[in-house]
Amino acid sequence: CFSQGAAVITSARTYADFTTQATFEIKKCDVFKLDEGPATQVVLTRDEGLQYYRTMQTMRRMELKADQLYKQKIIRGFCHLYDGQEACAVGIEASINLSDHLITAYRAHGYTYTRGGTVKEIMAELTGRRGGIAKGKGGSMHMYCKHFYGGNGIVGAQVPLGAGVALACKYQGNNELCVCLYGDGAANQGQIFETYNMAALWKLPVIFICENNRYGMGTSVERAAASTDYFKRGEFIPGLRVDGMDVLCVREATRFAADHCRSGKGPILMELQTYRYHGHSMSDPGVSYRTREEIQEVRSKSDPISMLKDRMLSNNMASVEELKEIDVEVRKEIEDAAQFATTDPEPPLEELCNHIFCDMPSLEVRGTNPWAKLKSVS
């Protein structure tokens, strides 16, 4: 009893010894059509650091577990993993509000989590179970929650939808904005340029974010785009190019972009230079168009979780034991979620057509032939 009490006292004392906040010098953003860019001197508090660390670690572990379940054929179909890009989602969320809006492409597990979905709901959606965030009917690419308009399976199609959400924000005058994400692979889509035009004309509060992970499927950016300066491709829209592997860089750039939008200046473009560790999807081993050494080099030199961890440890903002404790808690959360995702029942067939409409009396839906009748309940 005594030794346990003593241990509690020492741990309380060591917590008191930690630096509560520190200032960091971050990489300067490249800017386009802007007089000044985001701050390069930023303050990180210990609590923020621990929160970012836990969120990124949860996302990383969740994706690694999804990889495992996919290889066991428990998760089937399309599955695009986000590991390596965690600093993008966490940095963006740190500078916007949960009442703001966000829409992305099909690499959406991380954003579903940061927008308020639980690991349990995400894992169960991946395995197509009743407790999934879309009731097991959406799968990897189609997850939604409040103010999150999902993963979208059609390349680039979420960009005009995001501008529509921003138009609603402007129309309602509620000082909210929409973050609209797409990849370098979608950056040459015509609908994106049409959307830039409308957003600029109507001064919509939208942050267009190109998550440039260097490869659109198996094609490197240099082979796909005549100009790889994605942040300049809004032409008449100001842009920022940001180190997407540093959570603090992303956070500051997003804060800058959000202020720009909320002050009524219209849209702004951000290019986050990031990297995915997995292949494009689970059907892509990811090593036929890039070398294992390249992936290893990014992992060893600019991993977003390791970078944050090193900063916190070298500035006495946390202890190795404390971060290990978070890792253990995260692993347990993921294991419990995976257990749920593999034991929860699949939705019954009679629920197949539910929720086609919102607030409508139930209606009959034709099945695969004129004699198969299904019911749809709102």
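Structure first, text after, so check above.
Residues numbered from 1 in each chain as written. Predicted model: local features only at pLDDT ≥ 70, side-chain atom pairs only at ≥ 80, totals over all residues. Heavy atoms only, no water.

Draft legend 1. Local environment of the overall build of the protein. For the protein, the count of helices and strands is twelve helices and twelve strands. Taken against the 2.2 N^0.38 rule, which gives 21 Å for 378 residues, the C-alpha radius of gyration of the protein at 22 Å falls within 12% of a compact globule. The dimensions of the protein, computed from C-alpha atoms along their principal axes, are 70 × 60 × 45 Å. Here the protein, with 378 residues, has 51% of them falling under the buried criterion. Look at the contacts in the protein between residues 6 or more apart in sequence, and 71% of them connect residues 24 or more apart. (Helix = DSSP H or I, 4+ residues; strand = E, 2+ residues; numbered from the N terminus. Rg over C-alpha atoms; globule rule 2.2 N^0.38 Å. Buried < 20%, exposed > 50% of the residue type's maximum accessible area, 1.4 Å probe, protein only. Contact = heavy atoms within 4.5 Å.)

Draft legend 2. Structural view of the packing of aromatic side chains. Under the defined criterion, the tally for this structure stands at four aromatic pairs. Ring geometry for Y82 versus Y111: centroids 5.5 Å apart, planes at 65 degrees, classification edge-to-face. You can see Y82 sitting in the loop between α2 (46-71) and α3 (86-95) and its partner Y111 sitting in helix α4 (residues 109-114), a full 29 residues away along the chain. There is no split in this pair, since Y82 and Y111 are both buried. Ring centres 5.2 Å apart and planes at 65 degrees place the aromatic pair Y196 and F208 in the edge-to-face group. Note that Y196 is positioned in helix α7 (residues 190-201) and F208 in strand β6 (residues 206-212), a separation of twelve residues in sequence. The exposure class of Y196 is buried, given its relative accessible area of 2%. F208 sits in the buried class, given a relative accessible area of 0%. (Phe/Tyr/Trp six-rings, centres within 6.5 Å; stacked < 30°, edge-to-face > 60°.)

Draft legend 3. Local environment of the packing of α2 against helix α5 (residues 119-126). One can describe the packing of α2 onto α5 by two numbers: an axis separation of 11 Å at closest approach and a directional angle of 25 degrees. Classified by the interaxial angle, the pair formed by α2 and α5 is roughly parallel. Judged by the sense of rotation from one axis to the other, the crossing of α2 with α5 is right-handed. Contacts from T58, M62, K65, A66 and L69 in α2 reach V119, I122, M123 and L126 in α5. Here the residues of the contact of α2 with α5 sort into seven nonpolar, one polar and one charged. (Axes fitted to C-alpha atoms, helices over the stretch in contact; angles between N-to-C directions. Parallel < 35°, antiparallel > 145°, perpendicular 65-115°, else oblique. Left-handed = near helix turned anticlockwise from the far one by under 90°. Nonpolar A, V, L, I, M, F, W, Y, C, P; charged D, E, K, R; others polar.)

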